[in-house]
Amino acid sequence: AQSVTQPDIHITVSEGASLELRCNYSYGATPYLFWYVQSPGQGLQLLLKYFSGDTLVQGIKGFEAEFKRSQSSFNLRKPSVHWSDAAEYFCAVGPQTGANNLFFGTGTRLTVIP
Amino acid sequence: ETGVTQSPTHLIKTRGQQVTLRCSSQSGHNTVSWYQQALGQGPQFIFQYYREEENGRGNFPPRFSGLQFPNYSSELNVNALELDDSALYLCASSSQQKYNSPLHFGNGTRLTVT
């Protein structure tokens, strides 16, 4: 069965500090992995995706994520958080066939304090 | 490039009524997917439309139905509304011709069922 686990419901970091959001997945085939960000009252914006190749992927807004097959993880990182990064972050997994039925985690809410 | 647009932004309906939500896909995209996001949860896949036909469905009852039009826009219809249908409904588009084309989401329609 497919599933995505984001173990941290809420994370608070100081502006300028580093950030790591955890994501573990369970998927029956080679996964297509995503991180999306959602600001209050908004839709989802794609931060980055992993399909194949280099396991460290770069995204927008200075975010990166590393795919670790042995740990079934796809953690999101940012070296220095900005106040504008406060939002809800969702990890998602989907098939590599091009179908769009993604499975999302329950999200991690990020609070940034000055 | 025009993004994904959804209408209306907010809607209040009474239990038992029917509702229609609308979505215009991003220019160049021919596939539309619909997701339901309950409060505090990640989005859940409802279904996907390609070439005006449903070609993937999540675990939602038949009272959730949809349409895709020749211009790739789409509608989501929900009959016999229940209180649990209260959620943010997200539309996402992608290009079936581009392998690994990620989903681009609209800002959603907030449906409240009373």
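Treat the numbers as computed from the prediction; the structure is a model and nothing was measured.

Conventions used here
Residues numbered from 1 in each chain as written. Chains lettered and ligands numbered in written order. Predicted model: local features only at pLDDT ≥ 70, side-chain atom pairs only at ≥ 80, totals over all residues. Heavy atoms only, no water. Contact = heavy atoms within 4.5 Å. Buried area = accessible area lost by both parts, 1.4 Å probe. Salt bridge = Lys/Arg side-chain N within 4 Å of Asp/Glu carboxyl O. Helix = DSSP H or I, 4+ residues; strand = E, 2+ residues; numbered from the N terminus. Nonpolar A, V, L, I, M, F, W, Y, C, P; charged D, E, K, R; others polar. Polar contact = N/O pair within 3.5 Å; in protein donor to acceptor, adjacent residues only side chain to side chain. Pairing = 2+ DSSP bridges. Axes fitted to C-alpha atoms, helices over the stretch in contact; angles between N-to-C directions. Phe/Tyr/Trp six-rings, centres within 6.5 Å; stacked < 30°, edge-to-face > 60°. Buried < 20%, exposed > 50% of the residue type's maximum accessible area, 1.4 Å probe, protein only.

Q: What am I meant to see in the interface of chain B and chain A here?
A: How big an interface is tends to be expressed through the accessible area that disappears when the partners come together. Facing the 22 residues of chain B at the interface are 22 residues of chain A. For the pair chain B and chain A, the summed buried surface comes to about 1600 Å²; carbon and sulfur atoms form 52% of the total. Here chain B and chain A share 0 salt bridges between them. When contributions to the side of chain B that touches chain A are tallied by element, the ones reaching two or more residues are β4 (31-37), β5 (44-50) and β9 (87-94) of chain B. Ranked by the residues each element gives to the side of chain B that touches chain A, the list is headed by β4(B), at 4 residues. Split into classes, the residues belonging to the side of chain B that touches chain A amount to 9 nonpolar, 13 polar and no charged.

Q: Got a minute to help me understand the environment of B:T20 in this structure?
A: Residues and elements named next belong to chain B. Checked against the element boundaries, T20 lands in strand β3 (residues 19-24). Sequence separation between T20 and V78 is 58 residues; the distance between their C-alpha atoms is 6.6 Å. At 2.9 Å, the side chain of T20 forms a polar contact with the side chain of Q18. Side-chain polar atoms of T20 contact the side chain of N77, separated by 2.6 Å.

Q: What is the right way to look at the sheet that holds strand β1 (residues 5-7) of chain B in this model?
A: Remark on secondary structure: sheet strands pair via backbone hydrogen bonds, oriented parallel or antiparallel. Residue and element names in this part refer to chain B. Here we have 4 strands laid out as an open sheet, ordered β1-β3-β8-β7, and antiparallel in their pairing. The sheet is open, and its two borders are formed by β1 and β7 (64-68), each paired with just one other strand. The mean angle between the axes of side-by-side strands here comes to 20 degrees, regardless of whether they run parallel or antiparallel. Where β3 lies against strand β8 (residues 74-78), 5 bridges are found, and the strand directions are antiparallel. Paired with C23 across the strands is S74, a residue of β8.

Q: What's the story with the packing of aromatic side chains in this structure? I'm lost.
A: Aromatic ring pairs are described here by two measures, namely the spacing of the ring centres and the angle between the planes. Applying the stated criterion across every chain, the model contains 16 aromatic pairs over all chains. When the centroid spacing of 6.5 Å and the interplanar angle of 80 degrees are considered together, the rings of A:F90 and A:F104 count as edge-to-face. Here A:F90, found in strand β10 (residues 87-94), pairs with A:F104, found in strand β11 (residues 103-104); they are 14 residues apart in sequence, far enough to count as distant. Among the residues examined, A:F90 registers a relative accessible area of 1% and is labelled buried. With centroids separated by 5.7 Å and ring planes inclined at 85 degrees, the aromatic side chains of A:F104 and B:Y35 adopt a geometry described as edge-to-face. Of this pair, A:F104 sits in strand β11 while B:Y35 sits in strand β4, which puts the two residues in different chains. These aromatic residues form a ring-pair network of at least three members: A:Y32, A:F34, A:Y36, A:F51, A:F90, A:F104, B:Y35, B:F45 and B:F105.

Q: Help me out: how do you make sense of the pattern of salt bridges in this one?
A: Side chains that differ in charge, positive against negative, can pair when their charged atoms come close. One pass over the structure, following the stated rule, counts 8 salt bridges over all chains. Salt-bridge contacts for A:D85 lead to A:K78; the nearest nitrogen and oxygen are separated by 2.8 Å. Across the pair, exposure class does not vary: A:D85 and A:K78 are buried alike. Put simply, B:E75 and B:R22 hold a salt bridge, and the shortest N to O gap is 3.5 Å. Of this pair, B:E75 sits in strand β8 while B:R22 sits in strand β3; the two residues are 53 residues apart in sequence, bridging distant segments of the chain. Members of the salt-bridge network, linked through shared partners, are A:E64, A:E66 and A:R77.

Q: Even after reading the chapter, I still don't get unusual backbone geometry, so can you show me in this structure?
A: Along the chain, B:S7 connects to B:P8 via a cis peptide bond; the corresponding omega equals -10 degrees. With respect to the helices, strands and loops of the structure, B:P8 is situated in the loop between β1 and β2 (10-13). Residues other than glycine seldom take positive phi values, yet A:K61 does so here, at roughly 60 degrees. Of note, A:K61 is situated in the loop between β7 (56-58) and β8 (64-68). Owing to a relative accessible area of 45%, A:K61 belongs among the partly exposed residues under this scheme. Here the phi dihedral of A:S72 falls at roughly 50 degrees; this positive angle occurs in a residue that is not glycine. Tracing the backbone through its elements, the reader meets A:S72 in the loop between β8 and β9 (73-78).

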